[in-house]
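Geometric and topological summary
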Amino acid sequence: MDRTELAFTPAVEQAQLIRAKTVSPLELVELYLERIQRLDDQLGSYFTVTAEQAIADAKAKTEILAQNNVDELPPFFGVPISIKDLSAVLGVRCTYGTPVMKDNIANYEDGVVTRIKQAGFVILGKTATSELGSFPYTEPLGFPPARNPWDLDYTPGGSSGGAAAAVAAGFCAIAQGSDGGGSIRGPAACCGLVGIKPSRGRISYAPVGDRLNGLATNGPLARTVTDAAALLDVMSGYTTGDPYWLPDANPSFLKVAEQAKATAGQPVPPLRIAFSTAVQPIGEADPVCQQAVLDTVKLLEKMGHQVEPGCPDFADLVEPFTVVWRAGVAASGIPGEYLQPMNRWMLEQSGSCGEYLQAVAMMQTIARRIVAFFNTYDALVLPVFLHPTIRVGEWADLGPAETLQKITNWVAPSPPFNASGQPAIALPTGFDTRGLPVGVQVVGRPAAESTLIALAAQIEALQPWSDRRPRFAL
C-alpha cells in the first residue's frame, strides 16, 4: 500500500492494520502531518496542528503496541483524528473561530474529547470552524478560509468545514464535528462524506449542560458509513448530570453497519419512507439536489422499501430558530466590536430573555409536530441543503439581513431536525456539473440511529463512493 492509499484508508481498517502491526501509530501520524504541512496552506482545514503532542503520543503508543497484547488495547489505538475548534482539548489552543480567542489555551477538556482519547485515537490538531460556529461556510476573520478539496474556489461548508475538508483531502481518516443547524451534514454533502447528526441525548456535552437549548450535538464525519458508525459508538454515552440522555446502543452502531453491509442486496424488511424535494416556506431545491433525492428514492424502491411523497410542515420554524441562534451569539459573551459584521448584527438583534424563552417554547411546539410525522414513517429523505456549495467569499459583500436570507434559503432542510432532536445522516450521491459533491440526508425517528445506519450501509454497498478522491489530494 502506497502512502496516498494509506492516507485514504478508513479508520476502522487503519485500526486493524495497527493491531496486525502492519503499520505503526507513528507511521500514520507522520504520514498525516507531512500531508498537512505540504498541502494545508492551500486548503485551510486546520487552525492548529498539534504536531509535537501527536508525535509524542504516537511514539508512546507504538512502544506499547510492541509490548502488549493487542486484544487489551482500545478500539482505535493509534489512529489519528481531528477535533473541531469549538471543542476544548486540554492544553491546546481553542479559538472558536474568532481572533479575540487566538491565544486561548483550554484549561479543561470536553467530555467527547476525553472519550475519543480513551478510545485510543491520536489527536492531530483542531480543525477550522466559522466564527462561533454560526455560519454554513468557514471564513472567519483573522484566519485563512477553509476550502473544498474538490475545487479550491468553493467552500467545504460550515461550521464543521475544516473537519470535512481534512477528511476529504486525506489529512485524517475521520473527524469529530458538531451540528447545531446542519453543521455536520452540510460539510459532509459539500465534500462527499458521510456525516451523522445524532439524536439529542446520544452524546454528552459534558462538562457543560448543552448547546443552544439542545439544538447542537457532536457527531462524526467520515468517508464510510462504517467509520461514522464506529466513531458514533466512541462518542456516545451518558455523563452524570446530563440534561438529556439515551440508553446505550445494543447492538453497537458499528455492528449494525457491518451486518447491513454484509447483507446488502438481500431482501430486507420493508420500511415506509417519505421523501420531498422541497422545504417550506422556501420551496423547491435546485434541480441537482432534487435529482439526488429522486435517485435515492429509486434505489430505496429497488431495495424493497415503500417510498412515497411526504414532508412535515416547517413553515413557521424559521423565526423562533433565528431568535435562538441570535441568543447563542449573545451567550458567547464576546463584545460586538470583536465579531464579524454578521455576528455583530445578530448580537444587536438579540432580544430579551422573555423573547428567547417564547422562541424556545414555540420551537418545541413545532418540534412535536415534526416528530408526529414519523408516527407514520420510518425515515424521510430530503436534500441536505437546497442548492450545491457556494464559492469562497460569495456572500462576503452582502449586508447581514441579506446574508441571513441567503443562508436560510440554502440550509432550510437541516435545522428542523436540530429543533426536533432527531437523528439524520448525510450521504454522498454523486457530483454536479462543476465536479462538486452532492448528497442527501435521511432522517429517522427519535433515537433510531440504528435504522438510519443500516439503511445507509446498504445504500453505500449498492452505490459505493469512498474510493472517489479529489485530484488536489493525490
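What counts, and at which threshold
- Residues numbered from 1 in each chain as written.
- Predicted model: local features only at pLDDT ≥ 70, side-chain atom pairs only at ≥ 80, totals over all residues.
- Heavy atoms only, no water.
- Buried < 20%, exposed > 50% of the residue type's maximum accessible area, 1.4 Å probe, protein only.
- Helix = DSSP H or I, 4+ residues; strand = E, 2+ residues; numbered from the N terminus.
- Pairing = 2+ DSSP bridges.
- Contact = heavy atoms within 4.5 Å.
- Axes fitted to C-alpha atoms, helices over the stretch in contact; angles between N-to-C directions.
- Parallel < 35°, antiparallel > 145°, perpendicular 65-115°, else oblique.
- Phe/Tyr/Trp six-rings, centres within 6.5 Å; stacked < 30°, edge-to-face > 60°.
- Salt bridge = Lys/Arg side-chain N within 4 Å of Asp/Glu carboxyl O.
- Arc of directions from axis to C-beta.

1. So, the pairing of strand β11 (residues 379-383)
- The element β11 is extensively covered by neighbouring structure, given that 5 of its 5 residues are classed as buried.
- Taken together, the 3 bridges between strand β7 (residues 272-275) and β11 define a ladder with parallel strand orientation. The residue of β11 that forms the bridge with Ala274 is Leu380.
- As paired elements, β11 and strand β13 (residues 437-444) share 5 bridges and run antiparallel to each other.

2. Things to note about the side chain of Gln14
- Looking at the element boundaries, Gln14 is found in helix α2 (residues 11-19).
- Setting aside residues up to four positions removed in sequence, Gln14 forms contacts with Leu6, Ala7, Thr9, Leu28, Tyr32, Val79, Pro80 and Ala173.

3. Topic: unusual backbone geometry
- In this model, Asn250 is joined to Pro251 through a cis peptide bond whose omega is 5°.
- For Pro251, the position within the fold is in the loop between α8 (225-235) and α9 (253-262).
- With a phi angle near 60°, Leu132 is a residue other than glycine that sits in the positive phi range.
- Relative to the helices and strands, Leu132 resides in the loop between β3 (122-127) and α6 (161-168).
- Taking relative accessible area as the criterion, Leu132 reaches 22% and is therefore assigned partly exposed.
- With a phi close to 55°, Asn213 is a non-glycine residue in the positive phi region.
- Along the chain, the position of Asn213 falls in the loop between β5 (194-197) and β6 (217-222).

4. What about the packing of helix α10 (residues 287-303) against helix α16 (residues 449-462)?
- Two numbers describe how α10 lies on α16: the axes approach to 11 Å, and their chain directions differ by 100°. Taken together, the axes of α10 and α16 are roughly perpendicular relative to one another. Taken together, the residues of α16 that come into contact with α10 (itself represented by Leu299, Leu300 and Met303) are Leu455, Gln458, Ile459 and Leu462.

5. Side note on the packing of aromatic side chains
- If you walk through the whole model with that rule in mind, you get 12 aromatic pairs.
- Plain terms: the ring middles of Phe135 and Tyr137 are 5.6 Å apart, the flat faces sit at 5° to each other, and that makes the pair stacked. Exposure class is identical for Phe135 and Tyr137. Each is buried.
- In textbook terms, an aromatic cluster arises when at least three aromatic residues are bridged by ring pairs, as seen for Phe135, Tyr137, Phe385, Trp395 and Trp410.

6. Focus on the pattern of salt bridges
- Enumeration over the complete set of coordinates arrives at 12 salt bridges.
- Of the charged contacts, one joins Arg38 and Glu34 as a salt bridge, the two residues approaching to 2.6 Å between their closest N and O atoms. With Arg38 and Glu34 both in helix α3 (residues 25-43) and 4 residues apart, the pair spans about one turn of that helix.
- Residue classification places Arg38 among the partly exposed positions, given a relative accessible area of 43%.
- The partly exposed category is assigned to Glu34, whose relative accessible area is 30%.

7. Thoughts on the environment of Asp286
- The topology assignment puts Asp286 in the loop between β9 (283-284) and α10.
- The class of Asp286 is partly exposed, set by a relative accessible area of 26%.
- For the pair Asp286 and Gly399, spaced 113 residues apart in sequence, the C-alpha to C-alpha distance is 24 Å.

8. A closer look at helix α12 (residues 341-349)
- Taken residue by residue, α12 has Met342, Asn343, Trp345 and Met346 as its buried positions. When α12 is viewed along its axis, its buried side chains cluster within an angular range of 155° and face the same direction.
- Summarising the contacts, the buried residues of α12 are in contact with α11 (318-331) and α14 (400-411).

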